[in-house]
Amino acid sequence: MKEPIEYFKERDGFNRNRIAEWAIGDKYTGIMNSDGYIGVCATLGTVMDDTLFREGEPDTGNPCHRVILNAWFNSLNNYSESYNDNSDIFDTIDFRRRGRIVMVGYFESLYNKFSREGIALEVFDIQKESTVLSNTRGFEKAASECDTMILTGTTIFNNTFMDVISGTGDHTTIYLLGPSNILSGEMFRYRNIDVVFGSVFERYDHELLGRIRSGY
């Protein structure tokens, strides 16, 4: 199966005529489609521009285009079903029973919950600096041996997703976490993905896009 951005591009396409409003900010890009549904994607330092919203064909090798496509696919897919559970991942999963845990992408607030409960985990992140981060030289071994992986959805747009999941063991359970995630059943076709946590928003929430433009 192709990596997610390529896969959903072939399946869903990119139709700028169905984009009612969009926003590019320092932290996120957001798209509201013509049905009022909103998808977002983190930018994480990606140099963004708005050319694709006006002209040209999307290039999945272009990091800026990948962010825009990710947000677009979220606006199309994230509302395809109703969600009865809006729990935090830490309240949903009993991590005391999850064996060796590796977090890929430093979610500080989630890490703090693990720390308060005395649950050990290894954290890897190539874009952040913290004393809690493990040396990236040990990542491949940790990924292959871990029982549980908490994986940031930003690996989808930055095109490291396939490399990360392919390096996990057959016994590994992956929880995909973050507002950039595409909430589609198709994501469960990828290796070891067990639960996908993402974000949905009220329809026609223009204020949300305004806050994204303001850098929130």
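Below is a short write-up of the structure. A quick note: this is a predicted structure, and the numbers were derived from the prediction, not measured. (Residues numbered from 1 in each chain as written. Predicted model: local features only at pLDDT ≥ 70, side-chain atom pairs only at ≥ 80, totals over all residues. Heavy atoms only, no water.)

**Here we look at the sheet that holds strand 2 (residues 28–33)**
Definition in use: Two strands are counted as paired when DSSP detects at least two bridges linking them. Every helix listed is a DSSP run of H or I at least four residues long, and every strand listed is a run of E at least two residues long, numbered separately from the N terminus. Orientation is described by axes fitted as lines to C-alpha atoms, over the contacting stretch for helices, and by angles from 0 to 180 degrees between their N-to-C directions. In what follows, residue pairs with any heavy atoms lying within 4.5 Å of each other are defined as contacts.
Pairing in this open sheet of three strands is antiparallel, and the strands run 1-2-3 from one edge to the other. One side of each edge strand has no neighbouring strand; the edge strands of this open sheet are strand 1 (19–24) and strand 3 (38–42). Each adjacent strand pair in this sheet contributes to an overall mean axis angle of 15°, direction not counted. In the packing of helix 2 (residues 63–77) onto the sheet, the strands contacted are strand 1, strand 2 and strand 3, and the crossing angle to strand 3 comes to about 150°.

**What about unusual backbone geometry?**
For Leu 44, which is not glycine, the phi torsion reads 45° and is therefore positive. Residue placement: Leu 44 occurs in the loop between strand 3 and helix 2. The residue Tyr 204 is not glycine, and still its phi comes out positive at about 55°. Within the fold, Tyr 204 resides in the loop between strand 8 (193–197) and helix 8 (206–213).

**What about the packing of aromatic side chains?**
Each aromatic ring pair is summarised here by two numbers: the centre-to-centre distance and the angle between the ring planes. Where we set the bar: Here is the rule: rings of Phe, Tyr and Trp (six-membered ring for Trp) pair when centre to centre is within 6.5 Å. Planes less than 30 degrees apart are stacked, more than 60 are edge-to-face, and the remainder are tilted. The classification of residues rests on relative accessible area computed with a 1.4 Å probe and restricted to protein chains. Under 20% of the type maximum is buried, over 50% is exposed, and intermediate values are partly exposed.
Here the structure, examined in full by the defined rule, presents 12 aromatic pairs. Seen in terms of ring centroids, Phe 90 and Phe 114 are 5.1 Å apart; in terms of plane orientation they differ by 75°. Their pairing is edge-to-face. Here Phe 90, found in helix 3 (residues 89–92), pairs with Phe 114, found in helix 4 (residues 108–116); they are 24 residues apart in sequence, far enough to count as distant. Neither residue differs from the other here; Phe 90 and Phe 114 are each classed as buried. With centroids separated by 4.9 Å and ring planes inclined at 55°, the aromatic side chains of Phe 95 and Phe 114 adopt a geometry described as tilted.

**Some thoughts on the sheet that holds strand 8**
One open sheet accounts for five strands, arranged 5-4-6-7-8; its pairing is parallel. Every other strand in the sheet has two partners, leaving strand 5 (122–124) and strand 8 as the edge strands with one partner each. For this sheet, the mean angle separating the axes of adjacent strands, direction not counted, is 15°. Bridge count between strand 4 (residues 101–104) and strand 5: three bridges; the pairing is parallel. The residue of strand 5 that forms the bridge with Val 104 is Phe 124.

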